Structures are given as structure tokens and as C-alpha cells.
Amino acid sequence: MQRGVEYFYTLYKGTPPFAFQFESFYRNENVDNFENDNFFQNARNIGLNETQLRSLHLVPDQNSNYSGCDIDWINFIAPCTGTFSFETFAVSGRSTVDTRLTVFDNNLQQLAENDNISSLNTYSRVSLTLTGGQLYRIRINNMSTSNAGFYNLVVGANLQINGPDLLCGSSQTYSIESPGVSVSWSSSNTNIATIHPTTGVATPVQGASGTVTFTASVTLCGQTFTQTKTVTVAQSGFITGHYTMSVDPTQQSIANSLYRSVMVRRGQTVGINFTITGSTNVSSRLWTFDNLMSTGTTFSASITAPQTGYSSVTKTINLDLTTPCGIVRNTYTFQVMSGGWSMRISPNPATQTLNVLLDEPTPASKQMAVNNAEEQKGKQITNETKLSLFDANTNLLVRTWVFKETSAKNYTLLLNGIRAGVYILKAERKGETTTAKVIVQ
Ligand SMILES: [Ca+2]
Ligand SMILES: [Ca+2]
């Protein structure tokens, strides 16, 4: 508040009994309710867990020039023996000030001092162990000779929380600065991360991401004090989006890495267009494909099918997502084959079942039909469709499904009993073969 104030400016000289010099003055200043407290003899008390709203105003020097800095003295009688924290902090909506906080004992022996809490925070914080029943004296200085401003002073328990701001999948331990003080911990959302009530070991829930607040509680002189710390749980980046192909405009999800095999005319160039529509915990993206690099939310690539029939080219588009927990790579692998059948599988990775779509090459051309007919000469044609699953590491056959027809497009394969791993699915029909990589979870 702005107000005109009259009070005494007092100089103490010599040793007791003190000689007093009084100067009366007026000034429209933001003077707090605790003045005059520029000398420890005038200090008033602050209680544990009490917050006092104070100001550091400009004061007149002995020549009545307003170039001096206010000093505030405060008394604190420790209600019990324990570790206490003295802290100044900003008053909401009021001008700030650069404080220095010094704690003395009753004999004016300095015990602790702090100027700035951090390079970004010019307020002050001191914590130290005090003896119950003893008087301690706190002095607040203005470290600027020209800047007046406001501060809150509070006395509490020392509850500064040590521990990471980010949980990246593994457990981390949180602690408070006061040694030997028993603290109890709680989590604001145990669906995101839990914290052990006594050890402070925090564990993110697998697959969860978001923010969670950990609360530390201690008891000091019969009062409960709490401190919170907000932690980000960001185990990996996650994107949503889709891709389309020039030979298939259907939008396919790119939330996960994928493998796609298509069959086209010989020498045909297949365009692939990616669009990212949303992301979580992703600060930047980097696409790489051959010699192309891009950081956008869209990316285009093209792959040209071999000129010779029934051969293929396989290329991978990498999408590196920068997340708070490091770089996560998504890989999109495309196999472009010349002639024959195409096979698409979903989901990949698969768990219970695998859906297989066998399709005619698109678009067909007269020349391609001629080529196919020539290629198929001499091949043994059976009247069935055969799907075989091979272990990708050992090339050993794991299971075979045989269907007595050659015209169906969709097949559902049951994966019961098949161990998690990487497999190659081979489709055979009318003497033609195509393969796709399958991941079983
Ligand atoms: Ca003051
Ligand atoms: Ca003062």
C-alpha cells in the first residue's frame, strides 16, 4: 500500500547505555507494518510457520538524502531443537527485491548467511539446526542501493527436495536436505508413478507418462510441514499419424514402427507420404531416408521397384523422436516388389492372431501380364494357398497354414503357442512367393 509515514530514524552509538539520535521524516513510501526495525533492539518476533509480508524501502542517510537502504531485524525463538529454514520470497503482485538473509545467535555471532537462492532467484534461504528455547536474530538487507521492493519472510522446516525432475523408466530416490529428519512421502497420481512412503524411492508405472507431484511431510515442534515437487514421467515419445502410398491411398497408422510389402509393376516408382498429427513428450523429429533429412511433421519418400520380375528392394525410413528421456527411433520398412502378389500383415507386432491380406499387383498393365505369364512358365502350380512362418534367426519352419483355394484375399492366422520373436511369413500361391517380416510379442 502507498501511504505517508512518519517514524523515527534511530542511530545507536557506543556501548550501553545507548545514546539515541532521533530524526523525524515523512516520505510516501511502501513501508511495512514492522518498522521501525532497523536495529536489532527494535526487532519483533516471528513464529514458526508464520509468514510476514515486509518491504525494503529507501531510507534517508544522516543528511536526509533518500539514498540509504532499509534493514530489517527479526527475532525468532526456536520452539524446539530441530532444523529450521528461513526464507524470503516474492509477494504476489508487488515489486521484487534482492534480499540477503543472515542468522545470528543471541550474542550477535553470525551463524549462517545467504544472498541469492540461485542465479535466477535473488531472494534468500538459510537452513540450520537451532536449540529449543534460544533466541535467534535474523537480519534482512537490501542488496540494491536504489531498488525498493517487497518480500515475504517465513520460518519453517527445511524441506528442500533433492531428486530428478524427470523419471525415464527406472526408479529414482528423492530425499530432503535435512539429515536425520524422518519424512513421509506420497504421490498425487499412483497411476503415473508411486513413491515409497519412507525411502522416497519413486517408480514410474510402466507405459505411463504425464506429471505427478510428490509430497514430503515432516513434523517439527509438533507442526506438520509439507513440500511438493512436480516430476515429469516421460518414458518415451509417442506420436500419432498416418502414411499413404501412391499405390494405396488408404491411411495407415504410424504410431508404431512398421513393415510393409507391396507389389507393383517393374520399374514403377512408389511414393510414400507421412503425416504426423500429434505427439506426446516429443520436442523434435528427424526423418532420414537415403540421403534425405527432414524435421517436419510431413515426410515424403519414393522407392522404385526393380526392373526385373519377382525381385524386390527394401528400404527403411527412420524417424528419430527427441524426448525428455533421449532419442527414440521409429523405423518404417518398405519392401517394393516387382510383379506377383503383395502381402500386408496386421497387427505387427502381433500377439494372438495375425491378419494377412494377399492382393493382386496394382496397377496391372498389359506388359506386366505378359511378363508374369512368361515368368510363370515351367513353375509347378498347385491349387492352394500356403502360408509358412519361419524363425528369422534360424530360418527353421515354425508353422504352416494351407488353404485349398487361390482366390481369397484375407486370412486370419492363430499364433497360439508361438514364442515372442521375429519371424518371416512366406506366402505361396500359383507358384509365386512373397514374404513379410512378423514380430510376435
Ligand atoms: Ca522493512
Ligand atoms: Ca527496517
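Rules behind the numbers
- Residues numbered from 1 in each chain as written.
- Chains lettered and ligands numbered in written order.
- Predicted model: local features only at pLDDT ≥ 70, side-chain atom pairs only at ≥ 80, totals over all residues.
- Heavy atoms only, no water.
- Helix = DSSP H or I, 4+ residues; strand = E, 2+ residues; numbered from the N terminus.
- Buried < 20%, exposed > 50% of the residue type's maximum accessible area, 1.4 Å probe, protein only.
- Contact = heavy atoms within 4.5 Å.
- Areas by Shrake-Rupley, 256 points an atom, 1.4 Å probe, with all protein chains shown as cover.
- Donors = N, O, S within 2.8 Å, 3.2 Å for Na, K, Ca; no water.
- Tetrahedral: all angles 85-135°; square planar, octahedral: opposite > 155°, others 65-115°.
- Disulfide = S-S within 2.5 Å.
- Core = buried A, V, L, I, M, F, W, Y, C linked by side-chain atoms within 4.5 Å.
- Domains from an automatic or database assignment.
- Salt bridge = Lys/Arg side-chain N within 4 Å of Asp/Glu carboxyl O.
- Pairing = 2+ DSSP bridges.
- Axes fitted to C-alpha atoms, helices over the stretch in contact; angles between N-to-C directions.

Visitor: Would you mind going over the overall build of the chain in detail, with residue names and values included?
Guide: Within the chain, the regular secondary structure consists of one helix and 38 strands. Expressed as a percentage of its 441 residues, the buried residues of the chain come to 43%. Partitioning the intrachain contacts of the chain with sequence separation of at least 6 by distance along the chain shows that 63% fall at a separation of at least 24. In the structure as shown, the chain presents an accessible area of about 21700 Å², 48% of it carried by carbon and sulfur atoms.

Visitor: An account of the coordination of the calcium ion (ligand 2) is requested, with residue identities and associated values reported.
Guide: Around the calcium ion (ligand 2), the donor atoms from the protein are Glu 35 (OE), Glu 35 (OE), Asp 37 (OD), Asn 38 (OD1), Asp 70 (OD), Ile 71 (O) and Asp 72 (OD), and they sit 2.2 to 2.8 Å away. Along the chain, the residues donating to the calcium ion (ligand 2) fall in the pattern E-x1-D-N-x31-D-I-D.

Visitor: Summarise the coordination of the calcium ion (ligand 1); cite the residues concerned and give the values.
Guide: Taken together, Asp 32 (OD), Glu 35 (OE), Ser 55 (O), Asp 70 (OD), Asp 72 (OD) and Asp 72 (OD) make up the full set of protein donors to the calcium ion (ligand 1), lying 2.3 to 2.6 Å away. Coordination at the calcium ion (ligand 1) is irregular, judged from the six donor atoms that bind it and the angles of 51 to 150° they form at the metal. Each donor residue of the calcium ion (ligand 1) lies on one chain, and together they are spaced D-x2-E-x19-S-x14-D-x1-D. Between the two metal centres, the calcium ion (ligand 1) and the calcium ion (ligand 2), the spacing is 3.5 Å, with Glu 35 acting as a shared donor. One end of the pair, Asp 32, is in the loop between strand 2 (19-29) and strand 3 (44-45); the other, Asp 70, is in the loop between strand 6 (68-69) and strand 7 (71-77), with 38 residues separating them in the sequence. An identical accessibility class is assigned to Asp 32 and Asp 70; each is buried.

Visitor: Can you lay out the state of the cysteines for me, pointing to particular residues and giving the numbers?
Guide: Evaluation of the coordinates by the stated rule reveals two disulfides. The residue that forms a disulfide with Cys 80 is Cys 221, at a sulfur-sulfur distance of 2.0 Å. Looking along the S-S bond of the Cys 80-Cys 221 disulfide, the torsion reads about -80°, which is the left-handed sense. Taken together, the residues Cys 80 in the loop between strand 7 and strand 8 (82-89) and Cys 221 in the loop between strand 21 (209-220) and strand 22 (223-234) connect sequence positions 141 residues apart. Between the sulfur atoms of Cys 168 and its disulfide mate Cys 325 the distance is 2.0 Å. Residues Cys 168 and Cys 325 are joined through a disulfide that is left-handed, its torsion about the S-S bond being -90°. Note that Cys 168 is positioned in the loop between strand 15 (166-167) and strand 16 (172-173) and Cys 325 in the loop between strand 30 (312-323) and strand 31 (326-338), a separation of 157 residues in sequence.

Visitor: Quick rundown of the nonpolar core? Include the residues and the values.
Guide: Within the largest apolar cluster, 43 residues are counted, with the highest numbers of intra-cluster contacts made by Phe 76, Phe 84, Phe 86, Tyr 174, Trp 185 and Phe 214. No other element matches the five residues that strand 21 contributes to this core. Here this core gathers at least three residues from each of two domains, domain 1 (2-157) and domain 2 (166-234). Core analysis: the second largest hydrophobic core is formed by 25 residues, Ile 272, Phe 299, Ile 303 and Val 336 among them.

Visitor: I'd like a description of the pattern of salt bridges, backed by residues and values.
Guide: Should their charged atoms come close, side chains of opposite charge can pair. Counted by the stated rule, this structure contains eleven salt bridges. With a shortest N-O distance of 3.4 Å, Arg 125 and Glu 87 are connected by a salt bridge. Of this pair, Arg 125 sits in strand 11 (residues 125-130) while Glu 87 is found in strand 8, placing the two residues 38 residues apart along the sequence. In this structure, Glu 113 engages Arg 100 in a salt bridge whose closest nitrogen and oxygen atoms are separated by 3.5 Å. Taken together, the positions of Glu 113 in strand 10 (residues 110-114) and Arg 100 in strand 9 (residues 99-105) put the pair 13 residues apart, joining distant regions of the chain. Within this structure, Asp 37, Arg 54 and Asp 72 form a network of salt bridges that share partners.

Visitor: Which residues make up the pairing of strand 32 (residues 342-346), and what values do they have?
Guide: Where strand 32 and strand 33 (residues 353-359) come together, five bridges link them in antiparallel fashion. Following the sheet pairing, Met 343 is matched in strand 33 by Leu 358. Between the antiparallel neighbours strand 32 and strand 33 lie six residues.

Visitor: An account of the sheet that holds strand 32 is needed here, citing residue identities and associated values.
Guide: Pairing in this open sheet of three strands is antiparallel, and the strands run 32-33-36 from one edge to the other. Two strands in the sheet have a free side with no partner beyond their single neighbour: strand 32 and strand 36 (410-414). Each strand of the sheet is rotated relative to its neighbour by a mean of 25°, with strand direction disregarded.

Visitor: Account for the environment of Leu 53, naming residues and giving values.
Guide: By secondary structure assignment, the location of Leu 53 is in strand 4 (residues 51-56). On a C-alpha basis, the gap between Leu 53 and Asn 33 in space is 8.4 Å, while along the polypeptide they are 20 residues apart. Ignoring anything within four residues of it in the chain, the contact list for Leu 53 reads Asp 32, Phe 34, Val 91, Phe 150, Tyr 151 and Asn 152.

Visitor: Describe the pairing of strand 26 (residues 269-280), with residues and values.
Guide: Sheet topology note: the strand 23 (residues 238-245)/strand 26 ladder contains eight bridges and is antiparallel. Bridging from a neighbouring strand, Phe 238 pairs with Thr 280 of strand 26. In the sheet, strand 26 pairs with strand 29 (residues 298-304) via seven bridges, with the strands oriented antiparallel. Bridge assignment links Thr 269 to a residue of strand 29, and that residue is Thr 304.

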